[in-house]
Every structure is written in C-alpha cells, then in structure tokens.
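Fold and geometry: a report
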Amino acid sequence: MMKLTLLSAALLAFGDSAVNALSSCGQSQYDPAQYVCWSDQFLCPITAGEPLSFCNGACYSKFMYKCENNVLSLLPAHTGTPFTLSVSNPTLPIDGKPVTASGLHLSLAGNTSTYCPVEVVGAACPPGNITAFFAGNGGLSMDTMVPGGQQAYLGPDWNMHYTQAHSAYIPAGSLTQGFGGYEGGGFVNLNGNGWGWVACPPQASGGGGTAWNLVGRNETNAASLTACTPVNLKINPLPSGTVGAWQYA
Ligand SMILES: *[C@@H]1O[C@H](CO)[C@@H](O)[C@H](O)[C@H]1NC(C)=O
Ligand SMILES: *[C@@H]1O[C@H](CO)[C@@H](O)[C@H](O)[C@H]1NC(C)=O
Ligand SMILES: *[C@@H]1O[C@H](CO)[C@@H](O)[C@H](O)[C@H]1NC(C)=O
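Residues numbered from 1 in each chain as written. Chains lettered and ligands numbered in written order. Predicted model: local features only at pLDDT ≥ 70, side-chain atom pairs only at ≥ 80, totals over all residues. Heavy atoms only, no water.

**Examining the site of ligand 3**
- As a matter of local geometry, ligand 3 sits amid Ala109, Gly110, Asn111, Gly209, Thr210 and Ala211.
- For ligand 3, whose free accessible area comes to 360 Å², the fraction covered by protein is 40%.
- The residue inventory of the shell around ligand 3, partitioned by class, reads 2 nonpolar, 4 polar and no charged. (Near = heavy atom within 4 Å. Areas by Shrake-Rupley, 256 points an atom, 1.4 Å probe, with all protein chains shown as cover. Nonpolar A, V, L, I, M, F, W, Y, C, P; charged D, E, K, R; others polar.)

**Remarks on the site of ligand 2**
- Near ligand 2 you find Pro156, Asp157, Trp158, Asn218, Thr220 and Asn221, and these make up its full shell.
- Here a nitrogen atom of ligand 2 and a side-chain polar atom of threonine 220 are 3.1 Å apart.
- Measuring from an oxygen atom of ligand 2, one finds a side-chain N or O atom of asparagine 221 at 3.0 Å.
- For the shell around ligand 2, the per-class residue count stands at 2 nonpolar, 3 polar and 1 charged. (Polar contact = N/O pair within 3.5 Å; in protein donor to acceptor, adjacent residues only side chain to side chain.)

**Observations concerning the packing of aromatic side chains**
- Applying the stated rule across the entire model yields 6 aromatic pairs.
- Seen from their ring centres, tyrosine 162 and tyrosine 248 are 6.4 Å apart, and the 75 degrees between their planes marks the pair as edge-to-face. Here tyrosine 162 is found in strand S18 (residues 160-162), whereas its partner tyrosine 248 is found in strand S24 (residues 247-248), with 86 residues between them in sequence.
- Residue tyrosine 162 is classed as buried on the basis of its relative accessible area of 1%.
- Measuring from ring centre to ring centre gives 6.3 Å for phenylalanine 179 and tryptophan 197, while their planes differ by 5 degrees; the resulting arrangement is stacked. Taken together, the positions of phenylalanine 179 in strand S19 (residues 179-181) and tryptophan 197 in strand S21 (residues 197-200) put the pair 18 residues apart, joining distant regions of the chain.
- Through a chain of ring-to-ring contacts, the aromatic side chains of Phe179, Phe187 and Trp197 assemble into a single cluster. (Phe/Tyr/Trp six-rings, centres within 6.5 Å; stacked < 30°, edge-to-face > 60°. Helix = DSSP H or I, 4+ residues; strand = E, 2+ residues; numbered from the N terminus. Buried < 20%, exposed > 50% of the residue type's maximum accessible area, 1.4 Å probe, protein only.)

**Thoughts on the sheet that holds strand S5 (residues 42-47)**
- Taken together, 3 strands build an open sheet; the order of strands is S4-S5-S6 and the sheet is antiparallel. Two strands close off the open sheet at either side, each with one partner strand: strand S4 (35-38) and strand S6 (50-51).
- Inspection of the sheet shows S4 paired to S5 by 4 bridges, in the antiparallel sense. Pairing of cysteine 37 across the sheet is with leucine 43, part of S5. (Pairing = 2+ DSSP bridges.)

Here it is, written out as structure tokens:
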C-alpha cells in the first residue's frame, strides 16, 4: 500500500490475540511486527515489509516519497534510462529476486525468456539474461531492440503482460497507464487506489517452475488474494544504453 497513512490512535490493534510481545512508543503500546516507532512518539505501520518512514505527521513509503526539511514530496520520475526490478519484502523468500519476463508475462524470481534472430543481428545480440524496462508517461515498456518495441500492461486479470514482438495487440480491458517509476524508489501501480502489488506463491499443483506471480491488487480481487503477500518493486538503474534483449519471448 502506497497511500499515505495519517497517524491516529486507531492504528493500534487493541484486543488482538497478540502473539508478539508489545513494545512501548511513548505512552502507547504497539506490536513491533506491525508498527514502527519513530522518536519514541510516532507510530507508522509496516506495509509490504517496509516500516514506513515518518515526515511531519505523515507516514510514507521510501519507494515513492522523500522527506526534505520536514516536507513530504514525490520522488522524481525515473525516465530515460533502463532498469531492472526486484521484489522487496524481507519476510518473503523471494526478497531481492528479479521481476522476470517469460511467455509474454511478468513473474517474480523466474527465468527470463528471450529471442534474437542471429541471422539478422549476428554478434550484436544482447546477452538477454536480464529483464530490463523503461518507464515513462505512466507506462512501462520492455528494454528491447526489436522494431516497434514491446509494451507492458496490466491485463484484465491484473497480471502484468507484455506485447508480442511485431504486434501491438493488447486485450480489451487492459491498462497501459497508471504506473509510477520513481528514481531511487520503486515501480508503483497507481491503478486501483493504492492497493499495490502482491506476490503469489507458485501453485502447489500445476505445471512446474518455481516462479511467483505478480498481481495488481484492487478492491475487487483483494479478497481472493489471501495466499499472496504485498510487495514493493524496487527500481535498480542500469547504465544508459544497456539493452535487455533483442526481444522478450
Ligand atoms: C549476462 O551475460 C553477460 C555476458 O555473458 C555477463 O557479463 C553478465 O554478467 C550476465 N548477467 C547476469 C545477470 O547473469
Ligand atoms: C480488479 O482485478 C480483477 C482481476 O483480478 C478485475 O477483474 C477487476 O475488474 C479489477 N477491479 C477493478 C476495480 O479494477
Ligand atoms: C529456470 O530454469 C532452470 C534450468 O532450466 C530450472 O531448473 C528452473 O526450475 C527454472 N526456474 C523457474 C522459476 O522456472
């Protein structure tokens, strides 16, 4: 959840069947598994494994905001240079693992699938062993060489997909906008009123692979995603000119 959360005593989960010993924050008691205490007086929640920071009365995520001279503001947009994305939530085994492209779908901690027509570009084929992106104008595209590029989008299933090379086809009901890429921060899904991203573990039954799925959570699907865990996606800048792949397959 990226929404700013104003402090209030209501944040405290009194009467919870607390397994964790409570800590003190000034006069208040809190569960250190769910909150962080700043300056022994301000409580902020821990969301997606991130203890939110505190800025002049507001709790904020460092994936999207900064606090300078007690003033909260958005991080600058990360535009113009490529980046990889990695999962951030220290409570998960896939913390730090990359967002990976395969089968026209973005996964977490999977393998990257690429293709390069060696007869066309010969030795100029990029290694194709990373999944790299560009952000801009609220959208996300794959960092590729293939003419026409490949655009990433939130499909009607709120999974992240990308277009096939040489095709602009995107299913009806998809969202190509409403994302924020922040310099020194994260790649945020602003669609769906700040419900953010979740990581869903591999299905116990079903065809192999250990990749996790990345899903955009919203008010409608949240109840069906209880097996999934909120995550942030961290932007890892790449040197300008780095090409991820000829095309992602
Ligand atoms: C990708 O391949 C290149 C060239 O073989 C290599 O230098 C680089 O370390 C590899 N990167 C990763 C993330 O495996
Ligand atoms: C939320 O996501 C589901 C897919 O998981 C989609 O069917 C639904 O339309 C989305 N709800 C909103 C409010 O966008
Ligand atoms: C990635 O590929 C390796 C080698 O083919 C395979 O063992 C592994 O299970 C794959 N990982 C995922 C997440 O599918």
